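The chain contents come next:
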Amino acid sequence: MLSKITRGSQVTIPKPIMERIGLKAGCDYVDIEYRQGIVYLKPVDIEERIPKEEWEKLKRKALRRERGDITLSAEEAEGFLDRRAKRHKPQK
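Description of the structure in this document. Small disclaimer: the values here were computed from a predicted structure and weren't measured.

### A short note on the overall build of the chain
Counting secondary structure elements, the chain contains four helices and two strands. The secondary structure elements of the chain, listed N-terminal to C-terminal, are α-β-β-α-α-α. Its C-alpha atoms give the chain a radius of gyration of 20 Å, more than 25% over the compact-globule value 12 Å for 92 residues. For the chain, buried positions account for 7% of its 92 residues. Across the chain, contacts joining residues at least 24 apart in sequence account for 2% of those joining residues at least 6 apart. Carbon together with sulfur atoms contributes 53% to the accessible area of the chain, which is approximately 9,400 Å² in total. Counting 22 positive and 16 negative side-chain charges, the chain places the averaged centre of each group 6 Å from the other.

Below, the structure written as structure tokens:
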């Protein structure tokens, strides 16, 4: 199958191949390698990219509440982001 490379160096993987190997756009990762004139794409889990002990340490830290943390409800967070987006809207 033929795919075009975009200006942003992106390549679309055809849908039949995505389905065959079980990848979902926006959710999955691939390891890209170049050997002897061939580009290889290998599906990987994000956990494969980060050593297990580092992954566990990251999860513990992310879930731990620390002094100075600010907690917001979903509505408060949405309002904050809306206000910030309006403030940084590009001028025409």
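### Some points on helix 3 (residues 52-63)
Taking 1.5 Å per residue, 12 residues should reach 16 Å; helix 3 reaches 17 Å between its end C-alpha atoms and fits that length. Of all 12 residues in helix 3, one are buried, a share of ten percent or less.

### Describing the pattern of salt bridges
Under the definition given, this model contains five salt bridges. The closest approach of N and O atoms between Lys15 and Glu19, which form a salt bridge, is 4.0 Å. Of this pair, Lys15 and Glu19 both sit in helix 1 (residues 15-21), four residues apart, which is roughly one turn of the helix. As a salt-bridge pair, Lys57 and Glu54 come within 3.6 Å of each other at their nearest N and O atoms. With Lys57 and Glu54 both in helix 3 and three residues apart, the pair spans about one turn of that helix. According to the relative accessible area criterion, Lys57 is partly exposed, its value standing at 46%.

### Some words on unusual backbone geometry
The backbone of Ser9 shows a phi angle near 65°, a positive value even though the residue is not glycine. Mapped onto the elements, Ser9 comes out in the segment before helix 1. Despite not being glycine, Gln36 has its phi angle at roughly 45°, a positive value.

### Let's talk about the pairing of strand 1 (residues 29-35)
Taken residue by residue, a regular strand's side chains alternate between the two faces of the sheet. Where strand 1 lies against strand 2 (residues 38-44), seven bridges are found, and the strand directions are antiparallel. Its bridge partner lying in strand 2, Ile32 is registered against Leu41. Counted along the chain from strand 1 to the antiparallel partner strand 2, the turn is two residues long, and its residue Gln36 has a positive phi close to 45°.

### Points about the environment of Glu53
Here Glu53 shows up in helix 3. Judged by relative accessible area, Glu53 falls into the exposed class, the value being 56%. Placed 14 residues apart in sequence, Glu53 and Arg67 show a C-alpha to C-alpha distance of 25 Å.

Here is what the cut-offs are and how they apply
- Here, residues in each chain are numbered from 1, in the same order as that chain's written sequence.
- Since the coordinates come from a predicted model, pLDDT governs what is reported: local features require at least 70, and pairs of side-chain atoms require 80 or more to be given and counted, while whole-chain, interface and lining totals use all residues.
- With hydrogens and water excluded, all non-hydrogen atoms of the structure serve as input to the side-chain values.
- Helix and strand definitions here come from DSSP, where helices need a minimum of 4 consecutive H or I residues and strands a minimum of 2 consecutive E residues; each element is numbered from the N-terminal end.
- C-alpha atoms define the radius of gyration in this analysis, and the globule rule sets the expected value at 2.2 Å times the number of residues to the power 0.38.
- Remark: exposure states derive from per-residue accessible area (1.4 Å probe, protein chains only) relative to the maximum for the residue type, with buried under 20%, exposed over 50%, and partly exposed in between.
- By the convention used here, residues are in contact when the closest approach between their heavy atoms is within 4.5 Å.
- Residue burial considers only the protein chains on display, and all accessible areas are found by Shrake-Rupley using a 1.4 Å probe.
- Counting rule applied: Lys, Arg positive; Asp, Glu negative; His and chain ends not counted.
- A charge is said to be at NZ when it belongs to Lys, at CZ for Arg, at CG for Asp and at CD for Glu.
- Expected span, for any helix, means 1.5 Å times one less than how many residues it has.
- A pair is scored as a salt bridge if a Lys or Arg side-chain nitrogen falls within 4 Å of a carboxyl oxygen belonging to Asp or Glu.
- Pairs of strands are assigned from DSSP output, requiring at least two bridges between the strands.

These figures capture arrangement, not role.
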